[in-house]
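Architecture at a glance
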Amino acid sequence: MTGTHLGMPAFPPFPDAAREAVRDGVLRANLRHATHTIRGKRARAVAELADWERLRAAGKAVKDHTLRHLDRYLLQLEASVTAAGGTVHWAADADEANRIVTDLVLATGESEVVKVKSMATQETGLNEALEAAGIAAYETDLAELIVQLGHDRPSHILVPAIHRNRREIRDIFRSEMGGWGRPAPEDLGDDPRELAEAARLHLREKFLRAKVAVSGANFVVAETGTMVVLESEGNGRMCLTLPDTLISVVGIEKVVPTFRDLEVFLQTLPRSSTAERMNPYTTMWTGTHEGDGPSAFHLVLLDNGRTDTLADATGRQALRCIRCSACLNVCPVYERAGGHAYGSVYPGPIGAVLSPQLRGTAGAVDASLPYASTLCGACYEVCPVAIDIPEILLHLRERVVQGGPVTREGVRVRLRPAHGHTAERAAMRAARLLLDHPGALRAGERLLARARRLRPRRLPGPGRAWTDTRELPDIPAEPFRDWWLRERGNRP
Amino acid sequence: MSTRDRILSRIRRATAGAPDAPPVPRDYLRVHGSRTPAETADLLAANLTEYRATVHRTDEDGIARLLARLLAASRTVLVPPALPGHWLASATATRVHDDPASTPYDLDRVDSVVTGCALAIAETGTLVLDGGPDQGRRRITLVPDHHVCVVRVPDQVVDSVPQALERLDPTRPLTWISGPSATSDIELDRVEGVHGPRTLDVVLLGAQ
Ligand code: SF4
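Residues numbered from 1 in each chain as written. Chains lettered and ligands numbered in written order. Predicted model: local features only at pLDDT ≥ 70, side-chain atom pairs only at ≥ 80, totals over all residues. Heavy atoms only, no water.

**With respect to the overall build of chain B**
Helix and strand counts for chain B come out as five helices and twelve strands. Relative to the compact-globule value of 17 Å for 208 residues, chain B shows a C-alpha radius of gyration of 21 Å, a clear excess of over 25%. Reported as C-alpha extents along the three principal axes, the dimensions of chain B are approximately 70 × 45 × 40 Å. For chain B, the residues scored as buried account for 59% of the 208 residues in total. In chain B, of all internal contacts separated by at least 6 residues, the share reaching a separation of at least 24 is 70%. In the form shown here, chain B has an accessible surface area of approximately 8300 Å², with 52% of it arising from carbon and sulfur atoms. The positive charge centre, built from 23 side chains, and the negative charge centre, built from 27, are 7 Å apart in chain B. (Helix = DSSP H or I, 4+ residues; strand = E, 2+ residues; numbered from the N terminus. Rg over C-alpha atoms; globule rule 2.2 N^0.38 Å. Buried < 20%, exposed > 50% of the residue type's maximum accessible area, 1.4 Å probe, protein only. Contact = heavy atoms within 4.5 Å. Areas by Shrake-Rupley, 256 points an atom, 1.4 Å probe, with all protein chains shown as cover. Lys, Arg positive; Asp, Glu negative; His and termini not counted. Charge placed at Lys NZ, Arg CZ, Asp CG, Glu CD.)

Here it is as structure tokens:
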């Protein structure tokens, strides 16, 4: 129905993919260790700021205000970037964005680019598009390098190789680095220090000779045209300052009105994301600067389903997301299922609400994603821009089951209720997954009572005949889990 | 219709009739806690140290000696156009001047770089460079493996991120540095120095 591309085509629906991940013991151990570590550190970093809730409210308000007047701020941004010596391009979808970037690279006469980790270009599948045009795209973030060399897919927004342990990384470096450039040392061990050093040497030769870089941005300031990239390793700085040409692909929701607005997000993003007071490096640039940094700068503004999402009064709040990944780290379902199960570059709770909106809920993956949650509400609690993810999940479930008005590619259409049991199957399989994993279920049921008013009024598929003549039973006020505990004692 | 106009008209249709967004509440704190200038400098030093930078303190009389010591192992040192001359008076490393014609490969052969800064943020342990004449272009603090950054205390130290943004010029290229380059991508073990300088020395320059 819609062609919106989110980086991972042809993927099984969430429950199938998740079931496979759940069976993978190494993956689960890696994930559990990682998410629990970040989770604990994040809580401490947040507790340091007495005004956290006020910063969160301000972040939400800045984003809501921007989204409400997005046309105005994008035009202002275009004017300020242009005045500062940059060129602005507009892309309606992934194909158009990839075409623009490919043409810009080809025009430089170069056949390789270095890349800063960017969700937007993962979303559009830019690397594959460049490859098809004979251009090699090198990922330079360490985790993205691991993913790229391992012919793998990212599984976490912030730590894309979270599913890999040091031994696997060493094996990937040993067998793959030589094919892309400087090989890993013969006797490379699995100490993180040694691995990071191998990556440094491998990538340095690419940084020093690179003429073209592709990046995303965390924020772009309408008032001044300033682009902002937060990172840790310095690969971002390398890509943003050494090459002659810089191309930044940025979702239209990344704009903030004023330079001052950054004071909110520069406090909330690092703490939510890496649990640090501040990430090691942040680069801000405005257009081009005589004698310092790239002499040509291109900004590609990407829609790819965002305006459709904006048209949905409940769902549009997902566009506030600043991609901090805090919601992944607290999610009991993500912890078990892993990032790949979500079938797009956006995993975890935010993926479960963003992908079905960007792509539409017509496909099996997207129909299943709103069920990839226990509705425990932890994602909402940690979100630095207060996105009510459970609310959107319920909204999307209702849409899958009952259909209703949606906007696809700018056109208002009426979605029909899911046919061929798509939704029912998705829901039942997701439920089975959760029943297999009581920890996830326990977390979920706490919210279910609150969510009762949003339960579907009718079942889809064969269940419909039944609900046509009677109401679905109410979801009990007391969570099943509590009843179980009371009746059966504290057995898992 | 151009893509630009199509996107803009989709946005207008999507937001038509939406209630106006309430004003942004700005009641969050400008500063977290109240400190004397000396306490602010101490906090800066503590936060920089926690992120594995090495902090040194000296005054105008001692800076040449201190920098000579920090550069003792360096054969070459990059110098921005307007670095105060007396800072490097005692250093033996060969000066390499920031030359727009230099290639990244040239920079890669230099051992160290010494710069001033635009300001430093105590609450987050952050140095901000804005390409001023005592800091030079962005690349000179990136490619060499050792960066020595001199912060004038208390003039160049602010408490918080909001105070920092107020004082910065957004049209200049800005580099915010909080500790040396680091990664946590391998089993979340923090490793310093992937691509940027692996050693960051910060000199707090003021009355001792
Ligand atoms: S939804 Fe919120 S918590 Fe999740 S990545 Fe986005 S901003 Fe972070």
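**Observations regarding the side chain of Arg137(B)**
Position of Arg137(B) relative to the elements: it lies in the loop between strand 6 (126-129) and strand 7 (146-152). A polar side-chain atom of Arg137(B) sits 3.0 Å from the main-chain carbonyl oxygen of Asp99(B). (Polar contact = N/O pair within 3.5 Å; in protein donor to acceptor, adjacent residues only side chain to side chain.)

**Examining the site of the ligand**
Around the ligand, a shell composed of Cys321(A), Ile322(A), Arg323(A), Cys324(A), Ser325(A), Cys327(A), Ile350(A), Cys383(A), Pro384(A), Val385(A), Ile387(A) and Ile389(A) is seen. Per-class residue counts for the shell around the ligand are ten nonpolar, one polar and one charged. (Near = heavy atom within 4 Å. Nonpolar A, V, L, I, M, F, W, Y, C, P; charged D, E, K, R; others polar.)

**A closer look at the pairing of strand 1 (residues 87-91) of chain A**
Residue and element names in this part refer to chain A. A large share of strand 1 lies buried, amounting to four of its five residues. For strand 1 and strand 10 (residues 296-302), the ladder comprises five bridges, and the chain directions are parallel. Bridging from a neighbouring strand, Thr87 pairs with His298 of strand 10. (Pairing = 2+ DSSP bridges.)

**So, the sheet that holds strand 6 (residues 226-231) of chain A**
Across the sheet, eight strands lie side by side as 8(A)-5(A)-6(A)-9(A)-9(B)-6(B)-5(B)-8(B); this open sheet has mixed pairing. Two strands in the sheet have a free side with no partner beyond their single neighbour: strand 8 (255-256) of chain A together with strand 8 (157-158) of chain B. Note that strand 5 (residues 119-121) of chain B and strand 6 of chain B share three bridges and pair antiparallel. When the sheet's bridge partners are listed, Ile121(B) is paired in strand 6 of chain B with Thr126(B).

**Topic: the environment of Ala184(A)**
All names here are of chain A. Along the polypeptide, Ala184 turns up in the loop between helix 9 (166-180) and helix 10 (192-209). Relative accessible area serves as the criterion here: at 13%, Ala184 is assigned to the buried category. The spacing of Ala184 and Ala198 is 14 residues in sequence and 5.9 Å in space, taken between C-alpha atoms. Setting aside anything within four residues of it in sequence, one finds Ala184 in contact with Phe173, Arg174 and Met177.

**Side note on the interface of chain A and chain B**
Contacts between the two partners involve 94 residues from chain A and, on the opposite side, 73 residues from chain B. Summing the contributions of chain A and of chain B, the shared interface buries around 7500 Å²; its carbon and sulfur component is 58%. For the pair chain A and chain B, the interface holds ten salt bridges. In this structure, Glu50(B) engages Arg277(A) in a salt bridge whose closest nitrogen and oxygen atoms are separated by 3.4 Å. The residue inventory of the side of chain A that touches chain B, partitioned by class, reads 44 nonpolar, 22 polar and 28 charged. Pairing geometry for strand 9 (residues 281-286) of chain A and strand 9 (residues 174-177) of chain B, over four bridges, is antiparallel. Of the residues in strand 9 of chain B, the one forming a bridge with Tyr281(A) is Ile177(B). (Buried area = accessible area lost by both parts, 1.4 Å probe. Salt bridge = Lys/Arg side-chain N within 4 Å of Asp/Glu carboxyl O.)

**Structural notes on a negative patch on the surface**
Side chains of Glu186(A), Asp187(A), Asp191(A) and Glu194(A) sit close together on the surface and give a patch of like negative charge. With respect to the element layout, Glu194(A) can be found in helix 10. (Patch = residues over 30% accessible without salt bridge, like charges linked within 9 Å, V, L, I, M, F, W, Y side chains within 5 Å.)

**A closer look at helix 3 (residues 63-70) of chain B**
All names here are of chain B. In terms of burial, helix 3 is largely enclosed, as six of its eight residues are buried. The complete set of buried residues in helix 3 reads Ile63, Ala64, Leu66, Leu67, Ala68 and Leu70. If you follow the buried residues of helix 3, they end up packed against strand 1 (54-58), strand 4 (112-115), strand 7 and strand 12 (199-205).

**Brief notes about helix 19 (residues 389-402) of chain A**
All names here are of chain A. Helix length check: helix 19, at 14 residues, gives a terminal C-alpha distance of 20 Å against a target of 20 Å (1.5 Å per residue), a fit within 8%. With respect to burial, helix 19 is a largely interior element, ten of its 14 residues being buried. Of all the residues in helix 19, the buried ones are Ile389, Pro390, Ile392, Leu393, Leu394, Leu396, Arg397, Arg399, Val400 and Val401. Positive phi shows up at Gly403, right after helix 19, with a value of about 75°. (Expected span 1.5 Å × (residues − 1).)

**Description of the packing of helix 3 (residues 52-68) of chain A against helix 12 (residues 262-273) of chain A**
Residue and element names in this part refer to chain A. The contact between helix 3 and helix 12 brings their axes to 10 Å, and the two run at 115°. Considering their axes alone, helix 3 and helix 12 lie roughly perpendicular with respect to each other. The handedness of the crossing between helix 3 and helix 12 is left-handed. For the pair helix 3 and helix 12, contact is made by Trp52, Leu55, Ala58, Gly59, Val62 and Lys63 and by Val264, Phe265, Gln267, Thr268, Arg271 and Ser272, respectively. (Axes fitted to C-alpha atoms, helices over the stretch in contact; angles between N-to-C directions. Parallel < 35°, antiparallel > 145°, perpendicular 65-115°, else oblique. Left-handed = near helix turned anticlockwise from the far one by under 90°.)

**A few points about the pattern of salt bridges**
A complete count under the given rule lists 40 salt bridges over all chains for this structure. Across the pair Arg306(A) and Glu123(A) runs a salt bridge, and its minimum N-O distance is 2.8 Å. Remark: Glu123(A) occurs in helix 6 (residues 119-124) and Arg306(A) occurs in helix 13 (residues 306-310); sequence separation between them is 183 residues. Across the pair, Glu123(A) and Arg306(A) agree in class, each one buried. Residue Arg10(B) is joined to Asp303(A) by a salt bridge in which the shortest nitrogen-to-oxygen separation is 3.6 Å.

**Observations concerning unusual backbone geometry**
For the bond running from Val153(B) to Pro154(B), omega is 5°, close enough to zero to count as cis. Mapping Pro154(B) onto the fold places it in the loop between strand 7 and strand 8. If you check the backbone angles, Ala275(A) has positive phi at about 65° while not being a glycine. Position of Ala275(A) relative to the elements: it lies in the loop between helix 12 and strand 9. Given the relative accessible area of 10%, Ala275(A) is considered buried.

**Comments concerning the side chain of Arg320(A)**
Residues and elements named next belong to chain A. Structurally, the position occupied by Arg320 is in the loop between helix 13 and helix 14 (326-330). For Arg320, a relative accessible area of 2% puts it in the buried group. Looking at Arg320, its side chain comes within polar contact range of the main-chain oxygen of Val385, at 2.9 Å. A distance of 2.7 Å separates the side chain of Arg320 from the backbone oxygen of Ala386, its partner in a polar contact.

**With respect to the confidence of the model for chain B**
Mean pLDDT over chain B: 94, with 99% of residues reaching 70 or higher. Scored by ipTM, the complex comes to 0.96, with pTM at 0.88. (pLDDT = per-residue confidence, 0-100.)

**So, the environment of Gly287(A)**
Residues and elements named next belong to chain A. Mapping Gly287 onto the fold places it in the loop between strand 9 and strand 10. The class of Gly287 is buried, set by a relative accessible area of 5%. Separated by 196 residues in sequence, Gly287 and Ala91 have C-alpha atoms that sit 19 Å apart. Gly287 has contacts with Ala84, Gly86, Gly225 and Phe297, leaving out every residue within four places of it along the chain.

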